[in-house]
Amino acid sequence: MSALFDALTAHPFSFRRPVPESAVRQAPARAAGPAFEVRPISQPDGASSRLGVEVVGLDLAQPLSSDDFARLHEAHLQHSVVVYRNQRITPAEHIAFSRRFGPLQRHVLRNFKLDQHDEILVVSNIIEGGQPTGLGDAGAYWHSDLSYKPKPALGSLLHAQELPEVGGDTLFADQVAAYDALPYTLKQQLTGLLAEHSYLLKYEELRARNPFRPKLSDEQVAEVKPAIHPVVRTHPETGRKALFVSEHFTTRIVGLPQARSDALLAELFAHSTQPQFVYRHHWQPHDLLFWDNRAVLHLATGVPEGQRRKLYRTTIEGDVPV
Ligand SMILES: [Fe+2]
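These numbers were taken from a predicted model, which means no experiment stands behind them.

Conventions used here
- Residues numbered from 1 in each chain as written.
- Predicted model: local features only at pLDDT ≥ 70, side-chain atom pairs only at ≥ 80, totals over all residues.
- Heavy atoms only, no water.
- Helix = DSSP H or I, 4+ residues; strand = E, 2+ residues; numbered from the N terminus.
- Buried < 20%, exposed > 50% of the residue type's maximum accessible area, 1.4 Å probe, protein only.
- Contact = heavy atoms within 4.5 Å.
- Areas by Shrake-Rupley, 256 points an atom, 1.4 Å probe, with all protein chains shown as cover.
- Donors = N, O, S within 2.8 Å, 3.2 Å for Na, K, Ca; no water.
- Pairing = 2+ DSSP bridges.
- Axes fitted to C-alpha atoms, helices over the stretch in contact; angles between N-to-C directions.
- Arc of directions from axis to C-beta.
- Core = buried A, V, L, I, M, F, W, Y, C linked by side-chain atoms within 4.5 Å.
- Phe/Tyr/Trp six-rings, centres within 6.5 Å; stacked < 30°, edge-to-face > 60°.
- Lys NZ or Arg CZ within 6 Å of the ring centre and 35° of its normal.
- Salt bridge = Lys/Arg side-chain N within 4 Å of Asp/Glu carboxyl O.

**Q** Explain the overall build of the chain residue by residue, including any values.
**A** A count of helical and extended segments in the chain gives eight helices and 19 strands. Looking at the 322 residues of the chain, the share that counts as buried comes to 53%. Contacts spanning at least 24 positions in sequence make up 81% of the contacts within the chain whose residues lie at least 6 apart. In the structure as shown, the chain presents an accessible area of about 14400 Å², 53% of it carried by carbon and sulfur atoms.

**Q** For the coordination of the iron ion, give the residues involved together with the corresponding values.
**A** Around the iron ion, the protein contributes the donor atoms His 143 (NE2), Asp 145 (OD) and His 298 (NE2), at 2.1 Å from the metal centre. Mapping the donors of the iron ion onto the primary sequence yields the spacing H-x1-D-x152-H. With His 143 in the loop between strand E8 (131-132) and strand E9 (153-162) and His 298 in strand E18 (residues 296-300), the pair connects residues that are 155 residues apart, well separated along the chain. Assigned by exposure class, His 143 and His 298 land together as buried.

**Q** Pulling in residues and values, what's your account of the sheet that holds strand E15 (residues 250-253)?
**A** For sheets, the rule is that strands pair by backbone hydrogen bonds, running either parallel or antiparallel. Reading across the sheet, the three strands line up as E12-E11-E15 and stay open at both edges, with antiparallel pairing between neighbours. Edge positions in the sheet fall to strand E12 (227-230) and E15, since each has one partner strand and no second. Looking at each pair of strands side by side, their axes are set apart by 30 degrees on average, direction ignored. As paired elements, strand E11 (residues 194-197) and E12 share four bridges and run antiparallel to each other. Pairing of His 197 across the sheet is with Ala 227, part of E12.

**Q** Tell me about helix H3 (residues 91-99), and name the residues and values.
**A** Among the residues of H3, those classed as buried are His 94, Ile 95, Phe 97 and Ser 98. For H3, the angular spread of buried residues about the axis comes to 165 degrees, placing them on one side.

**Q** Residue-level account of the sheet that holds strand E16 (residues 278-281), with values.
**A** Here three strands make up an open sheet; going across it, the order is E16-E10-E18 and the pairing antiparallel. Only two strands of the sheet have a single neighbouring strand rather than two, namely E16 and E18. Adjacent strand axes in the sheet meet at a mean angle of 20 degrees when their direction is disregarded. Here strand E10 (residues 170-174) pairs with E16 via four bridges, running antiparallel. The residue bridging Thr 170 from the neighbouring strand is His 281, located in E16.

**Q** Could you give an account of the nonpolar core, with specific residues and numbers?
**A** Counting residues in each nonpolar core, the largest one holds 27 residues, and the members touching the most others are Val 81, Leu 109, Phe 172, Tyr 199, Leu 289 and Trp 291. Broken down by secondary-structure element, the contributors of at least two residues to this core are strand E3 (81-84), strand E6 (117-124), E9 and strand E17 (288-292). Considering every element that reaches this core, the biggest residue donor is E9, with three residues. When neighbours within four sequence positions are excluded, Val 81 is seen to be in contact with Leu 51, Gly 52, Val 53, Phe 172, Tyr 279, Leu 289, Phe 290, Trp 291 and Val 296. Formed by 26 residues, the second largest nonpolar core is a distinct cluster that contains Val 55, Leu 60, Leu 64 and Leu 288.

**Q** For the packing of aromatic side chains, give the residues involved together with the corresponding values.
**A** The full count for this structure, using the stated rule, is 10 aromatic pairs. Relative to Phe 249, the ring of Tyr 148 lies with its centre 4.9 Å away and its plane at 70 degrees, an arrangement referred to as edge-to-face. Linking Tyr 148 in the loop between E8 and E9 with Phe 249 in the loop between strand E14 (241-243) and E15, this pair joins segments that are 101 residues apart in sequence. Assigned by exposure class, Tyr 148 and Phe 249 land together as buried. Within the aromatic cluster, the residues linked to one another by ring pairs are Phe 69, Tyr 84, Phe 97, Phe 101 and Phe 290. When the ring centre of Tyr 141 is taken as reference, the NZ or CZ atom of Lys 202 above it lies at 4.8 Å. Directly above the ring of Phe 244 sits Arg 233, whose terminal nitrogen or CZ lies 4.6 Å from the centroid.

**Q** Please provide a residue-by-residue account of the pairing of strand E1 (residues 37-40), values included.
**A** Across the two faces of E1 the burial differs, with Val 38 and Pro 40 buried and Glu 37 and Arg 39 not buried at all. In the sheet, E1 pairs with strand E2 (residues 53-56) via four bridges, with the strands oriented antiparallel. By the bridge assignment for E2, Pro 40 is matched with Val 53.

**Q** Run through the pattern of salt bridges, naming residues and quoting values.
**A** Overall, the coordinates contain 19 salt bridges when judged by the stated rule. Note that Asp 145 is salt-bridged to Arg 313, the shortest N-O span being 3.3 Å. You can see Asp 145 sitting in the loop between E8 and E9 and its partner Arg 313 sitting in strand E19 (residues 310-317), a full 168 residues away along the chain. No difference in accessibility class separates Asp 145 from Arg 313, as the two residues are buried. Here the residues in one salt-bridge network are Glu 37, Arg 39, Glu 54, Arg 85 and Asp 287, joined through shared partners.

**Q** Any chance you could break down the pairing of E3 for me, citing the residues and the numbers?
**A** Burial of the side chains of E3 extends over both faces: Val 81 and Val 83 are buried on one face and Val 82 and Tyr 84 on the other. Pairing of E2 with E3 involves three bridges; the strand directions are parallel. Within E3, the position partnered with Val 55 by the bridge is Tyr 84. Pairing of E3 with E17 involves four bridges; the strand directions are antiparallel. The partner of Tyr 84 across the bridge, within E17, is Leu 288.

Rendered as structure tokens:
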């Protein structure tokens, strides 16, 4: 695995600034500061080889130096999905760490925010006193968080609070690798195309299955007006191209007849979530999981009846996609 990891960390990203190859290697012991490790997570054959590293030996409740943060940031850029193990942090510490990456966004479903912490969306299937403790069906379709906003999410950070005994995994699909694997002619065809993203696309379908999804007010509908983004976006920090469409939010490709748009989107959705692009995250207690919404799609696999699952999510605002 170490040879594979060396190969991954030497991957020739077109970074705008030089990235030291040592940035995500195992940290040497230092005289000061935390000596944490960033290491690959074992995956089954045929799964994504780029996504998914784990950070061990780091306590995010403690101050984090700018050098250590830079090392984590590079791991985020190279691997897109990073799990911080065993983080016994408070919601305020979760928010503070998230803010190191940029300003935070607030979800339109305010009724599922955490008390005293508007920046945290509670993802939970637990019902107490007949009322939901959070959004129970988040991530039921492949998507990139908040792609329906003019400035979609840079990344999200999900912190495990209560995990089921079985189920509850989260899948991530590498949209950089998916774009790279497209036939040349299709890449040419996609150049310059724009697509519409709407929060409302699946909303009523989800609401029909989940009685706790609220009817959106006029103010909420106005807050989630559809947005238009490139079908292929260029990552603002790595310079890599990635597919940026999803079954959850992408309604149509601008300028194409509806039937042609539907067919092309169906082809892209099927292509972009093939097993060779996917990392499956099996949650461990106190995991804090980061993913780069500019480079991956994700999907919640669901939990069996009777299993409890609760996580806290922050979302970092990103750039206007180009
Ligand atoms: Fe999500």
